[in-house]
Amino acid sequence: MASVKVTSDELILFSKYISDISGIHLGSGKGYLLEARLVNMLKSTGTDSFTGLYNKIRADFSKKLEQQLLNAITTNETLFFRDRAPFDLLQHKIVPDLIDRRVPGADINRSPLNLKIWSAACSTGQEVYSIGIVLKELLGDITKHNVTILGTDISDEAITQASYGHFNWIEIERGLPPDKLNRYFIKENDKWKIDDEIRSMATFKKLNLMEDFSHLGMFDIIFCRNVAIYFPEEKKKSLFNRISQILKPDGSLIIGGTESIATLCPLFESKRYLRSIFYQHKY
């Protein structure tokens with residue numbers, strides 16, 4: 001099949017559809033992205049135009065083609081301990097403060113800590129397992145505590161890989177220090193498997209952030225990094241307002257280092273620790 005080019009009208013068509021189903025906004029200069037990421041869908045469906053592909057996706061009541069579209073278009077670029085600052089923040093500020101407030105005498109060796117964390121848009125799991133490693137190093141014997149880390153993503157392919165907990169060498173070497181590789185991963189053939197104790201803290205679910213997620217319950221810490229940057233402003237406001245409703249009163253929200261919600265959600269106020277920013281409920 002010769003290279004298929006997307007027209008301006010087709011870009012508008014796909015942009016609106018993708019925004020409606022995922023919140024992701026594709027600007028007028030993103031035609032190249034559709035051409036690059038949907039080429040396999042064009043081939044597999046035997047379609048010779050983006051209009052034809054769009055019509056097939058909309059006519060597929062099983063939603064399988066829609067999910068293939070989401071898998072192709074969502075960005076699963078991630079790495080272990082991405083932007084190290086949030087994990088230092090977790091280890092040296094947020095979790096110790098929770099321990100001080102919630103554990104009698106702040107003795108975690110005698111009193112279990114209840115901790116529920118959500119990693120929104122977790123991609124293939126590197127953020128979730130990075131969080132798990134931090135908690136293991138901070139708390140010691142995880143079995144003495146009630147710790148759960150929920151990872152969600154709109155891509156079922158990403159969730160499947162995250163749940164499996166196996167990573168190739170390229171994925172491993174991106175951000176993972178050698179000492180942590182040796183301590184928390186087991187070599188299995190050509191892959192590295194996350195340690196069972198770290199894996200036991202994590203659960204993974206497919207979730208569209210544009211849909212209601214109140215059923216997830218309340219969280220002590222929420223990571224929602226580098227996903228809202230793809231949303232238009234009104235959907236960003238909706239997302240963070242809904243996040244505020246499932247964050248516990250003394251909980252903390254961590255977003256991307258280049259992001260700010262100061263003007264988006266007045267329910268939160270920013271807090272600074274060293275060079276890092278996190279958000280808590282405003283009182």
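Given the structure is predicted, the values throughout are model-derived calculations rather than measurements.

### Concerning the nonpolar core
Move 1: Membership of the largest hydrophobic core comes to 49 residues, with the highest contact counts inside it found for Phe14, Leu34, Trp118, Phe240, Ile243 and Leu253.
Move 2: Only α1 (8–22), α2 (31–37), α3 (39–45), α4 (50–59), α5 (64–73), β7 (219–224), α12 (233–246) and β8 (247–255) provide two or more residues apiece to this core.
Move 3: Of all hydrophobic cores here, the second largest spans 42 residues; its members include Ile117, Val128, Val147 and Phe167.

### Points about the confidence of the model for the protein
Move 1: Summarising the model, the protein shows a mean pLDDT of 89, and 96% of its residues fall at 70 or more.
Move 2: Across the protein, β7 holds the top mean pLDDT of 97, while α2 sits lowest at 84.

### Notes on the layout of surface pockets
Gaps between atoms show up when a probe of the same size as a water molecule is rolled over them.
Move 1: For the second largest pocket, the calculated volume is near 180 Å³.
Move 2: Taken together, 13 residues line the second largest pocket, and the ones lying closest to its centre are Ile255, Gly256, Gly257, Ser276 and Ile277.
Move 3: Elements that contribute at least two residues to the lining of the second largest pocket include exactly α6 (85–102), β8 and β10 (276–281).
Move 4: Per-element tally for the lining of the second largest pocket: the top contributor is α6, with three residues.
Move 5: Its residues assigned to classes, the lining of the second largest pocket shows six nonpolar, three polar and four charged.

### Re the sheet that holds strand β5 (residues 191–194)
Move 1: As summarised here, the arrangement of the three strands in space is β3-β5-β4, forming an open sheet in which the pairing is antiparallel. Two strands close off the open sheet at either side, each with one partner strand: β3 (166–167) and β4 (185–188).
Move 2: Taken together, the four bridges between β4 and β5 define a ladder with antiparallel strand orientation. Across the sheet, Glu188 pairs through a bridge with Lys191, a residue of β5.

What counts as what
- Residues numbered from 1 in each chain as written.
- Predicted model: local features only at pLDDT ≥ 70, side-chain atom pairs only at ≥ 80, totals over all residues.
- Heavy atoms only, no water.
- Core = buried A, V, L, I, M, F, W, Y, C linked by side-chain atoms within 4.5 Å.
- Buried < 20%, exposed > 50% of the residue type's maximum accessible area, 1.4 Å probe, protein only.
- Helix = DSSP H or I, 4+ residues; strand = E, 2+ residues; numbered from the N terminus.
- pLDDT = per-residue confidence, 0-100.
- 1 Å grid on protein atoms, 1.4 Å probe; cavity = no way out; pocket = protein on both sides within 12 Å on 5 of 7 lines; lining within 4 Å.
- Points joined across faces, edges and corners; volume = space filled by probe spheres on them.
- Nonpolar A, V, L, I, M, F, W, Y, C, P; charged D, E, K, R; others polar.
- Pairing = 2+ DSSP bridges.

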